[in-house]
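Here is what each chain is made of, one letter per residue.
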Amino acid sequence: MSSPCHTFAVLVVFMAFAVGVGAEQLKEKSCDVIGDESSESQMERALLKKLEPLSQMRFNVTVEKGKTENYIYHFRVCREVNSTLHDFGGLVQTDRQNGRTTVIGRINETQVFNGSDWIMLIYKGGDSYGRHCSGEKRRAVIMISCKQGVTASSFSIISEEREKEQDCFYLFEMDSTVACPAEDSHLSVGSILLITFASLIAVYIIGGFLYQRLVVGAKGMEQFPHLSFWQDLGNLVADGCDFVCRSKPRNAPAAYRGVGDDQLGEESEERDDHLLPM
C-alpha cells in the first residue's frame, strides 16, 4: 500500500474511533435499580419510565444555616448532575464557601416505589459521612407528590437526618404531574347512548339531505328528509297528549249548563199593573 493510501486509512479509522467515543460520551447514564438486572421488578421499571419526562430537567436549592452551613443541592432525575465526572452523582451538595462537592446519592444505586399519588425516589451509595452516622454512605430520599398541570416544581430540602448510628438520609420533596394516578377515561352507559343517538341523528339528517338533493332533486326546505312528517309532528304530539291525558270522553256533557232565553219562560202579563193608582 502506498504512503498516501496508508495515511488515509489510518485517518478514517481514527475518525471512526473518535465518533464512537464521542457518541458514547453523549449518551448519559440513567438510573440502575439496586440488584441484578434479572431481579429488577417490573413495577420499578414502570416507575422509572414514568419519571423519564423529568430526566432532562435540573433542580437546585440553596440552604443557608448561619455562617457554618451554606450549600447548594443539585438534583437530576435518573441522570448525572455532572456527566463529565462519571461519578453517577444524581444529587450533589456544593459548599458555597470552599466549592467542595459531596455526592449525596448515586443513580447506579436507585430504589423507587410509589403510592396512590406519590413516588419515592431513593439514591444510595453517596460519599461517606465523616463523624456522623458511623461513617456510612450518604443517601438521598426524594418525595415526588402529585400536582396536576405542573411538570415539576417546588424542589426543596425538608431535613437531614444524621444524628443516628445508621440509616441516615437527606429528605427532599417536589411536585410533579408524573406522580398523579392515571385518569379513568371510560364512558358511562348514558354517555355512550347519547353519543350513539347524536351520531344516528347526524347520519339521518346529512344522508337524507344528500338523497333529497342529489337523487330526488329537491330544492330549498324540501331537501330536509321527511319534511311533511316533521311539520305535522307538533299536531301529532298534541293529539297524542290530548288522547292520553284527557280524563273524560270527548262527548261527555259539561258539568254545568248555561242559562238561555228559552229557559226563562214567558213573561207574565199581569206584572205590576195592579199597583198603579186607578
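The rules we used
- Residues numbered from 1 in each chain as written.
- Predicted model: local features only at pLDDT ≥ 70, side-chain atom pairs only at ≥ 80, totals over all residues.
- Heavy atoms only, no water.
- Helix = DSSP H or I, 4+ residues; strand = E, 2+ residues; numbered from the N terminus.
- Areas by Shrake-Rupley, 256 points an atom, 1.4 Å probe, with all protein chains shown as cover.
- Pairing = 2+ DSSP bridges.
- Axes fitted to C-alpha atoms, helices over the stretch in contact; angles between N-to-C directions.
- Contact = heavy atoms within 4.5 Å.
- Disulfide = S-S within 2.5 Å.
- Buried < 20%, exposed > 50% of the residue type's maximum accessible area, 1.4 Å probe, protein only.
- 1 Å grid on protein atoms, 1.4 Å probe; cavity = no way out; pocket = protein on both sides within 12 Å on 5 of 7 lines; lining within 4 Å.
- Points joined across faces, edges and corners; volume = space filled by probe spheres on them.
- Phe/Tyr/Trp six-rings, centres within 6.5 Å; stacked < 30°, edge-to-face > 60°.
- Lys NZ or Arg CZ within 6 Å of the ring centre and 35° of its normal.
- Polar contact = N/O pair within 3.5 Å; in protein donor to acceptor, adjacent residues only side chain to side chain.
- Core = buried A, V, L, I, M, F, W, Y, C linked by side-chain atoms within 4.5 Å.

- Per an unreviewed UniProt entry, the chain goes by Cation-dependent mannose-6-phosphate receptor and derives from Pterocles burchelli.

1. Re the overall build of the chain
So, step 1. Looking only at helices and strands, the chain has 4 helices and 8 strands in total.
So, step 2. When the helices and strands of the chain are read in sequence order from the N terminus, they spell out α-α-β-β-β-β-β-β-β-β-α-α.
So, step 3. A total accessible area of about 20,000 Å² is found for the chain, and carbon and sulfur atoms account for 57% of it.

2. A word on the sheet that holds strand β3 (residues 89–95)
So, step 1. Reading across the sheet, the 8 strands line up as β1-β2-β3-β4-β5-β6-β8-β7 and stay open at both edges, with mixed pairing between neighbours. Both edges of this open sheet fall to β1 (58–65) and β7 (153–161), since each of them pairs with a single strand only. Ignoring which end each strand starts from, the neighbouring axes of this sheet average 25° apart.
So, step 2. Contacts between helix α2 (residues 42–50) and the sheet are confined to β4 (101–114) and β5 (118–125), with β4 contributing the most and set at about 120° to the helix.

3. Here we look at the state of the cysteines
So, step 1. What the rule picks out here adds up to 3 disulfides.
So, step 2. Put simply, cysteine 146 and cysteine 180 are joined by a disulfide, and their sulfur atoms are 1.9 Å apart. Between cysteine 146 and cysteine 180, the S-S torsion sits near 95°, and that sign places the bridge as right-handed. With a gap of 34 residues between them, cysteine 146 in strand β6 (residues 140–146) and cysteine 180 in the loop between β8 (169–176) and α3 (189–216) connect regions that are remote in the sequence.
So, step 3. Cysteine 146 gets classed as partly exposed once you look at its relative accessible area, which sits at 28%.

4. Brief notes about the layout of surface pockets
So, step 1. Size it by volume and the largest pocket reaches roughly 410 Å³.
So, step 2. For the largest pocket, the lining is made up of 17 residues, of which Tyr71, Gln93, Arg100, Arg138 and Arg162 are closest to its centre.

5. Focus: the packing of aromatic side chains
So, step 1. Applying the stated criterion across every chain, the model contains 12 aromatic pairs.
So, step 2. Ring centres 6.0 Å apart and planes at 85° place the aromatic pair phenylalanine 113 and tryptophan 118 in the edge-to-face group.
So, step 3. Here phenylalanine 113 falls in the partly exposed class, since its relative accessible area comes to 35%.
So, step 4. Every member of this aromatic cluster is reached through a ring pair, and the members are Phe59, Tyr71, Tyr73, Phe75, Tyr123, Tyr129, Phe155, Tyr170 and Phe172.
So, step 5. The ring of tyrosine 129 carries the charged tip of arginine 138 above its face, separated from the ring centre by 4.6 Å.

6. Re the environment of lysine 27
So, step 1. Here lysine 27 shows up in the loop between α1 (3–26) and α2.
So, step 2. Taking the C-alpha atoms as reference points, lysine 27 and serine 83, separated by 56 residues in sequence, lie 9.4 Å from one another.

7. Topic: the side chain of serine 55
So, step 1. Note that serine 55 resides in the loop between α2 and β1.
So, step 2. Reaching out from serine 55, the side chain makes a polar contact with the backbone oxygen of glutamate 52 at a distance of 2.8 Å.
So, step 3. Ignoring anything within four residues of it in the chain, the contact list for serine 55 reads Arg76, Val77 and Arg79.

8. Things to note about the nonpolar core
Nonpolar side chains in soluble globular proteins tend to be buried together.
So, step 1. Formed by 34 residues in total, the largest nonpolar core has its most connected members in Leu51, Tyr73, Phe75, Leu91, Tyr123 and Ile142.
So, step 2. Listed by contribution, the elements that provide at least two residues to this core are α2, β1, β2 (69–76), β4, β5, β6 and β8.

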